[in-house]
Amino acid sequence: MSSDPCSFSCVTRCVTRHLNLTLRVDFDRRVIRAKVELTVEALEDRFSALTLDTKDLQVVSVTANGQAASFTMGPKHSFKGTPLDITLPFDLSRGQHVIVEVTYETSPSASALQWLSPEQTAGRKQPYLFSQCQAHHCRSMIPCQDSPCVKHTYYAQVSVPKDLVTVMSAVRDGQEVDPQDNNRVLYRFRQTVPMPSYLIAIAVGALESREIGPRSRVWSEKEFVDKAAFEFSETEAMLKAAEDLVGPYVWGRYDILVLPPSFPYGGMENPCLTYATPTLLAGDKSLSNVIAHEISHSWTGNLVTNKTWEHFWLNEGHTVYLERMIGRSLVSEQFRQFKAMGGWKDLQDSVNTFGANNVLTNLVPSLQDVDPDEAFSSVPYEKGFALLYHLEELMGGPEVFMGFVRSYIQMFAYGSVTTDEWKNHLFSYFKDQVDILNKVDWNAWMFTPGMPPVKPQYDTTLADACISLSQSPLWPTPGYPSPPPSSRFCSSGNLLFIIAGKEDSRGLIYIMSAYNPQIRFRWLRLCVRSRWEEAVPMALKMATEQGRMKYTRPLFREIFNYEKYRDEAVRVFVAHRAAMHPVTSGLVAKDLQ
């Protein structure tokens, strides 16, 4: 039985140490024909059977150390997929390794993969494929122990049509003409740092790259690559700021891939290859926050990983904390405070959406029979950050608390961790201040739904400046100053105008002329909520012309809740469903009942 409620694999009886992947990408059939060799270590004596996670895979054959192994596919579960039960033709004793080789093919509807036709790309000439495995979708691409408590290295060779380029969450290891088909190219990749399966990533398309730093390139279709190189030019400064805070970056490369618009998230911290939404190139000045966030994951998430998705806040709360510490280093402490206030507002939005009594708003929820995609929200990010910030205040400020964060990373690097292990380390690190830690209402923070028991007192200096500017009769007029802070790091000042109630036609002119998708999103959501009919077509356009779930889901929800346009919301969704990412379309379908 798995100790991870989201996985079938037997993580207490054996553990995968390495994957060797051979992938052949078939764009005509929208499948990957593949073979994976798993190096598996037995954790008990007389070990002779194991279970792997799969989802919609067609398994052709299984061998163990080259000998045929019998296998059966269990019953299909709604979101966990199908267990692959393998019986070895021999026994292993504890500590012995076996190479289990599975030959298989993915399904055209694999939830980890989105296949784009040439018309869905910027260049409109070549198809495009990208994967998104977090949280539990790797099993639809590779049969594996698909749990974040298992970490392994990997090697991959990928055959693709010769006009296309392949990138992965690993270091490139050369390319050659495919010896089996000279119309194809074989790309090779090596990942030497052990990592969980959800961080395996592949993208194939008409990609180009530009160097943006000594260890970084940005990749995208050629139509965007120069703009991307300009926008991500601060990457090395952020990497250095992160290293100053938490120690050396161990992954070698830090490349960025700008994806097509249907990518469902702002960013994804795949090692050596951060994924980024193209909305960041459309003037979305959360750009620096997204990249600071994904860089921070190189330590919290990728190096130290939540043991199951119930402890997701360990990944995200610490990463938001580090992201804001990078902002503090590169901008100011007031800037960090300003971002923290915005995060508290996002947390309130999530709690309102789920309902204040919904157990999915617990910092540590139970995910027994819960699809992790449906549990996803800003709660682990912002409730997690609020707890860490509250502890920072109690324990003596940012410098003191960063000492703990560094110690936590050192203690659990290359491993996976639970909330209890984190808390035990906190108590042992601050062993002389245990009386303070004992006063924290741990049950209210961890296991109680709704807003946290304590609201931190953030410094409002920058927010006050924005609000007083928004109340000026001169704003917005040409030549009138932009809202602070002027740093490229953020446009939160602009967002605050909307929050501050600048909801008249002057605000509309300002906001509609803003390319910034974050501002456009907040404004359109407010317009629909206020039942302003002219905004509905604009909101539907934004919900469908890009696929970032942070924008798409709330816009569809607001229009659906506007009784007069409920049917229109459903009609537009159905018309665009086929072009959407599988995770996005599944969740929007649930939102629209």
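Definitions and limits used
- Residues numbered from 1 in each chain as written.
- Predicted model: local features only at pLDDT ≥ 70, side-chain atom pairs only at ≥ 80, totals over all residues.
- Heavy atoms only, no water.
- UniProt positions renumbered as here; feature names shortened; annotations may be inferred.
- Helix = DSSP H or I, 4+ residues; strand = E, 2+ residues; numbered from the N terminus.
- Expected span 1.5 Å × (residues − 1).
- Buried < 20%, exposed > 50% of the residue type's maximum accessible area, 1.4 Å probe, protein only.
- Polar contact = N/O pair within 3.5 Å; in protein donor to acceptor, adjacent residues only side chain to side chain.
- Lys, Arg positive; Asp, Glu negative; His and termini not counted.
- Salt bridge = Lys/Arg side-chain N within 4 Å of Asp/Glu carboxyl O.
- Contact = heavy atoms within 4.5 Å.
- Pairing = 2+ DSSP bridges.
- Axes fitted to C-alpha atoms, helices over the stretch in contact; angles between N-to-C directions.
- Phe/Tyr/Trp six-rings, centres within 6.5 Å; stacked < 30°, edge-to-face > 60°.
- Lys NZ or Arg CZ within 6 Å of the ring centre and 35° of its normal.
- Parallel < 35°, antiparallel > 145°, perpendicular 65-115°, else oblique.
- Nonpolar A, V, L, I, M, F, W, Y, C, P; charged D, E, K, R; others polar.
- Domains from an automatic or database assignment.
- Buried area = accessible area lost by both parts, 1.4 Å probe.
- Core = buried A, V, L, I, M, F, W, Y, C linked by side-chain atoms within 4.5 Å.

- The name that an unreviewed UniProt entry assigns to the protein is Leukotriene A-4 hydrolase, with the source organism given as Gasterosteus aculeatus.
- The UniProt entry for the protein carries this comment under Sequence similarities (unreviewed entry): "Belongs to the peptidase M1 family."
- The record held by UniProt for the protein lists under Subcellular location (unreviewed entry) the comment "Cytoplasm".

### Brief notes about unusual backbone geometry
Residues apart from glycine generally show negative phi values, whereas peptide bonds are mostly found in trans.
And step 1. A cis geometry characterises the amide bond from Gln134 onward to Ala135, with omega recorded as 5 degrees.
And step 2. Here Ala135 lies in the loop between strand E10 (128–131) and strand E11 (152–161).
And step 3. Even without being glycine, Arg124 reaches a positive phi, approximately 60 degrees.
And step 4. Following the sequence through the fold, Arg124 ends up in the loop between strand E9 (113–116) and E10.

### Quick word on helix H5 (residues 333–354)
And step 1. For H5, spanning 22 residues, the distance from its first C-alpha to its last is 32 Å, which sits close to the expected 32 Å at 1.5 Å a residue.
And step 2. Regarding H5, the residues found buried are Phe335, Arg336, Gln337, Phe338, Lys339, Ala340, Gly343, Trp344, Leu347, Asp349, Ser350 and Val351.
And step 3. The N-cap of H5, judged by a side-chain oxygen 3.4 Å from the amide nitrogen of Gln334 a few residues on, is Ser332.
And step 4. Downstream of H5 by a residue or two, Gly355 has a phi angle that is positive, lying close to 100 degrees.

### Points about the side chain of Asp371
And step 1. Within the element layout of this structure, Asp371 appears in the loop between H5 and helix H6 (372–375).
And step 2. Buried Asp371, no salt bridge; nearest opposite-charge side chain is Lys590, N-O distance 5.6 Å.
And step 3. In terms of polar contacts, Asp371 uses its side chain to reach the backbone amide nitrogen of Asp373, at 2.9 Å.
And step 4. Residues in contact with Asp371, not counting those within four places in the same chain, are Phe79 and His136.

### A word on the sheet that holds strand E12 (residues 165–168)
And step 1. Within the open sheet, the four strands sit side by side as E9-E10-E15-E12. Their pairing is antiparallel. Here the strands that pair on one side only, and so sit at the sheet edges, are E9 and E12. Within this sheet the neighbouring strands show an average axis-to-axis angle of 10 degrees, counted without direction.
And step 2. The sheet contact formed by E12 and strand E15 (residues 202–205) spans four bridges and is antiparallel. When the bridges of E15 are listed, Val167 appears paired with Ala203.

### Some points on the packing of aromatic side chains
And step 1. Across all of its chains, the model carries 31 aromatic pairs by this definition.
And step 2. Directly above the ring of Phe8 sits Lys80, whose terminal nitrogen or CZ lies 5.1 Å from the centroid.
And step 3. In this arrangement the basic side chain of Arg324 is found over the ring face of Phe385, its NZ or CZ atom lying 4.6 Å from the centre.

### As for the sheet that holds strand E18 (residues 255–258)
And step 1. The five strands are arranged E16-E17-E18-E20-E19 in an open sheet whose pairing can be described as mixed. Each edge of the sheet is formed by a strand with only one pairing partner; in this case those strands are strand E16 (207–213) and strand E19 (267–268).
And step 2. Sheet topology places strand E17 (residues 216–221) next to E18; two bridges connect them, and they run parallel. In the strand pairing of E18, Trp219 is matched with Leu257.

### Regarding the packing of H5 against helix H12 (residues 461–470)
And step 1. Viewed as axis vectors pointing N to C, H5 and H12 meet at an angle of 70 degrees, and their least axial separation amounts to 7 Å. Accordingly, the angle class assigned to the pair H5 and H12 is roughly perpendicular. Across the interface between the two elements, Gln334, Phe335, Phe338 and Met341 from H5 touch Thr461, Leu462, Ala463 and Cys466 from H12.
And step 2. Residues belonging to the contact of H5 with H12 are distributed by class as follows: six nonpolar, two polar and no charged.

### Here we look at the domain arrangement of the protein
And step 1. What the domain assignment lists for the protein is domain 1 (1–198), domain 2 (305–447) and domain 3 (503–592).
And step 2. Centre-to-centre separation of domain 1 and domain 3, based on C-alpha positions: 36 Å.
And step 3. The interface of domain 1 with domain 3 comprises eight residues on the first partner and five residues on the second.
And step 4. Across the interface of domain 1 and domain 3, roughly 430 Å² is buried in total on both sides, 55% from carbon and sulfur atoms.
And step 5. The largest contributions to the domain 1 side of the interface with domain 3 come from Ser111, Gln114 and Gln120, which together make up 64% of the buried area.

### Brief notes about the pairing of strand E13 (residues 171–177)
And step 1. As paired elements, E13 and strand E14 (residues 184–195) share five bridges and run antiparallel to each other. When the sheet's bridge partners are listed, Val177 is paired in E14 with Val185.

### A closer look at the nonpolar core
And step 1. Core analysis: the biggest nonpolar cluster contains 151 residues, and Phe232 and Trp422 have the highest contact counts within it.
And step 2. With nine residues, helix H7 (residues 379–395) is the single largest residue contributor to this core.
And step 3. Leave out the neighbours within four places in its chain, and Phe232 touches Ile212, Val218, Ile256, Val258, Ala276, Leu280, Leu281, Leu287 and Ile291.
And step 4. Formed by 25 residues, the second largest nonpolar core is a distinct cluster that contains Ala539, Phe573, Met580 and Leu592.

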